Amino acid sequence: MGSVNKYSKSASTDRTSQEPLGRSLVLIMAITCGTVVANLYYNQPLLVVIAQNLQASNHATGWIPMLTQIGYAVGLFLLVPLGDLMERRRLILMMLVLTSVALGAAAASLNLAWLLVASLAIGITSVSAQLIIPFAAQLAKPEHRGRIVGTVMSGVLIGILLARTVSGFVGASLGWRAMYWLASGLMIVLAVVLLRMLPKSQPSLRVSYPQLVGSLFKLIQQQPILREASLAGAMSFGAFSAFWSTLVFFLAQPPYHYGSEVTGLFGLVGVVGATAAPVAGKIADKRNPKITVALGLSITTLSFLIFWVFGYHILGLIVGVILLDLGAQSTHISNQARIFSLPLEFHSRLNALYMTFSFMGGALGSFLSAYAWSRWEWHGVCAIALLMLGVAFMTFIKRRRQPLVS
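What follows deals with the overall build of the protein chain. Counting its regular elements, the protein chain contains 17 helices and zero strands. Of all 406 residues assigned to the protein chain, the portion counted as buried reaches 55%. Look at the contacts in the protein chain between residues 6 or more apart in sequence, and 83% of them connect residues 24 or more apart. Roughly 17,100 Å² of accessible area belongs to the protein chain as shown, and the carbon and sulfur atoms make up 68% of that amount.

The next thing to look at is the packing of helix 6 (residues 88-107) against helix 7 (residues 112-125). It is the contact of helix 6 with helix 7, at a shortest axis distance of 8 Å, that shows an interaxial angle of 160°. Considered as vectors, helix 6 and helix 7 are oriented roughly antiparallel to each other. You can see that helix 6 and helix 7 cross each other, and the crossing is left-handed. Touching M95, L98, T99, A102, L103, A105 and A106 of helix 6 are W114, L115, A118, A121, I122 and T125, all from helix 7. Classifying every residue of the contact of helix 6 with helix 7 by side-chain character gives 11 nonpolar, two polar and no charged.

Right, let's get into a nonpolar patch on the surface. Residues I158, L162, V166, F169, L265 and L268 make up a contiguous nonpolar surface patch of roughly 460 Å² in combined accessible area. Counting residues per element, the ones that place at least two in the nonpolar patch are helix 9 (145-174) and helix 13 (260-276). The leading source of residues in the nonpolar patch is helix 9, at four residues. With respect to the helices, strands and loops of the structure, F169 is situated in helix 9.

This part is about the nonpolar core. Counting 114 residues, the largest nonpolar core has M29, F243, F304, F307, L317, F359 and W378 as its most contacted members. Considering each element in turn, this core owes the most residues, 17 residues, to helix 17 (residues 347-400). Apart from residues no more than four positions distant in its own chain, L317 is found in contact with F243, F250, L251, Y256, F266, F307, F310, G311 and W378.

Right, let's get into the side chain of T165. Counting through the fold element by element, T165 comes out in helix 9. For T165, a relative accessible area of 10% translates into the label buried.

Structurally, the position occupied by S208 is in the loop between helix 10 (176-197) and helix 11 (209-222). Remark: the alpha-carbon pair of S208 and L85, spanning 123 residues in sequence, is separated by 8.1 Å.

Turning to the packing of aromatic side chains, a few remarks are in order. Inspection of every chain in the model, using the stated rule, returns 18 aromatic pairs. Ring plane angle 85° and centroid distance 5.9 Å describe the contact between Y371 and W376, whose orientation is recorded as edge-to-face. In this structure W376 comes out as partly exposed when scored by relative accessible area, which is 49%. The ring of W244 has R164 lying over it, and the distance from NZ or CZ to the ring centre is 4.1 Å.

Another point: the packing of helix 11 against helix 12 (residues 224-252). Interhelical geometry of helix 11 versus helix 12 gives an angle of 90° and a closest axis separation of 5 Å. Relative to helix 12, the element helix 11 is oriented roughly perpendicular. Two secondary-structure elements touch here, helix 11 through L219, I220, Q221 and Q222 and helix 12 through P224, L226 and R227. The class makeup of the residues in the contact of helix 11 with helix 12 is four nonpolar, two polar and one charged.

Turning next to the side chain of T331. As for its position among the elements, T331 is in helix 16 (residues 314-339). Within polar-contact distance, the side chain of T331 engages the backbone oxygen of G327 at 2.9 Å. Non-local contacts of T331, meaning those with residues more than four positions away in its chain, are made with A232, S236, V293, G296, L297 and Y354.

Positionally, L120 belongs in helix 7. Once the C-alpha coordinates of L120 and P65 are considered, the two residues, 55 residues apart in sequence, prove to be 8.9 Å apart. Aside from chain neighbours lying at most four places away, what touches L120 is L67, I70 and G71.

Before going further, it helps to spend a moment on helix 7. Along its 14 residues, helix 7 runs 20 Å from first to last C-alpha, staying within 8% of the 20 Å computed at 1.5 Å per residue. Turning to helix 7, its buried residues are L112, L115, L116, A118, S119, I122, G123 and T125. Tucked inside the fold, the buried residues of helix 7 contact helix 3 (47-53), helix 4 (58-61), helix 5 (63-78), helix 6, helix 8 (128-139) and helix 10. Of the residues that open helix 7, the one with a side-chain oxygen 3.3 Å from the backbone nitrogen of A113 is N111.

Now for helix 2 (residues 23-38). End to end, helix 2 covers 22 Å across 16 residues, agreeing with the expected 22 Å (1.5 Å per residue, within 8%). The element helix 2 is extensively covered by neighbouring structure, given that 12 of its 16 residues are classed as buried. Buried residues of helix 2: L25, V26, I28, M29, A30, T32, C33, G34, T35, V36, V37 and A38, and no others.

Bringing the pattern of salt bridges into the picture now. Two side chains of opposite charge can pair, provided their charged atoms sit close to one another. Under the definition given, this model contains two salt bridges. For the salt bridge of K290 with E228, the shortest nitrogen-to-oxygen distance reads 3.8 Å. In this pair, K290 is assigned in helix 15 (residues 289-310) and E228 in helix 12, connecting sequence segments 62 residues apart. With relative accessibility at 7%, the residue E228 sits in the buried group. Among the charged side chains, a salt-bridge network with shared partners connects E228, K290 and R338.

The rules behind the values
- Residues numbered from 1 in each chain as written.
- Predicted model: local features only at pLDDT ≥ 70, side-chain atom pairs only at ≥ 80, totals over all residues.
- Heavy atoms only, no water.
- Helix = DSSP H or I, 4+ residues; strand = E, 2+ residues; numbered from the N terminus.
- Buried < 20%, exposed > 50% of the residue type's maximum accessible area, 1.4 Å probe, protein only.
- Contact = heavy atoms within 4.5 Å.
- Areas by Shrake-Rupley, 256 points an atom, 1.4 Å probe, with all protein chains shown as cover.
- Axes fitted to C-alpha atoms, helices over the stretch in contact; angles between N-to-C directions.
- Parallel < 35°, antiparallel > 145°, perpendicular 65-115°, else oblique.
- Left-handed = near helix turned anticlockwise from the far one by under 90°.
- Nonpolar A, V, L, I, M, F, W, Y, C, P; charged D, E, K, R; others polar.
- Patch = residues over 30% accessible without salt bridge, like charges linked within 9 Å, V, L, I, M, F, W, Y side chains within 5 Å.
- Salt bridge = Lys/Arg side-chain N within 4 Å of Asp/Glu carboxyl O.
- Core = buried A, V, L, I, M, F, W, Y, C linked by side-chain atoms within 4.5 Å.
- Phe/Tyr/Trp six-rings, centres within 6.5 Å; stacked < 30°, edge-to-face > 60°.
- Lys NZ or Arg CZ within 6 Å of the ring centre and 35° of its normal.
- Polar contact = N/O pair within 3.5 Å; in protein donor to acceptor, adjacent residues only side chain to side chain.
- Expected span 1.5 Å × (residues − 1).

This is how it looks when you write it as structure tokens:
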């Protein structure tokens, strides 16, 4: 009983957790999540322009998205758990200000090394969305929690899809530095708005930070479902990142000769696939989520086969992008359904771990695709992605020999 009282006291003293969220606050939370997550993807359509401006090779600039994703994985693992220990509003505002500084540093980069360090910092600090989502769940009434969290999560999806489109047009019109300056200013604006609108919270845990981090390693050891979902998610997101990290180089060459603005438009094409992905969530609710994980991986594999064979035709690229987003989102949703079938008290840490491994896979995909592009160009990129998806399938097949546990 003593431990129960210790954890329930903070909930009872947090008056905001019993109040309904207003539409305006939910909307600004969704906008913030989308805008912050977009920071991770602005660089992808700009890589060719950056390479030319900083007189760097395409292979060298391919490190920019890789380090951004590595930074995000580090931030997810080391900073997101602080949401259980610190007052969330203060932590969110601090992260937004630090992200603004990192984006400003990127905009002011004098050379590629400077930009690489700034990109790592952008990734580390851009974790506000993963702090806001559980905050929204805490503030919402139980009967409204699913709808509100879904609305906030939609901001994340829209931010991911539109980031490339926005940066492509801004980069083509005003230059790549302008995109970073604009993003830096947006972080400050959002921080000011959230300072006025977000309520204060009370920490939900009373343990030391080392103890909290130590519990993450224990979860990895004790939860085989987490390990399987994380590896499948990492390889799926790695293949996804391999495509988007090199698309701008592919489109800059014959037969396309497209600039960053056209590359960005493919983000809008992906909306078609991503909006169909929630169907996978419904299937996962009714049946074993492993089925939809396998389905998502199969669709993603099909997309890269289409890229390989028909990638030099615009229709092949469009169909492939739709399937890629559908497959990647289906895998992601199904993996989260699996890890959230585990005990409720672990959900925040499980999600932090799953997302950490996903972005580590994304960083690996960006790195390997940059190398593959420098050696074998488009076919090399497709081969790397298919290899990563093969690893995910091997894990799935291995687990099928054991009893199915969703």
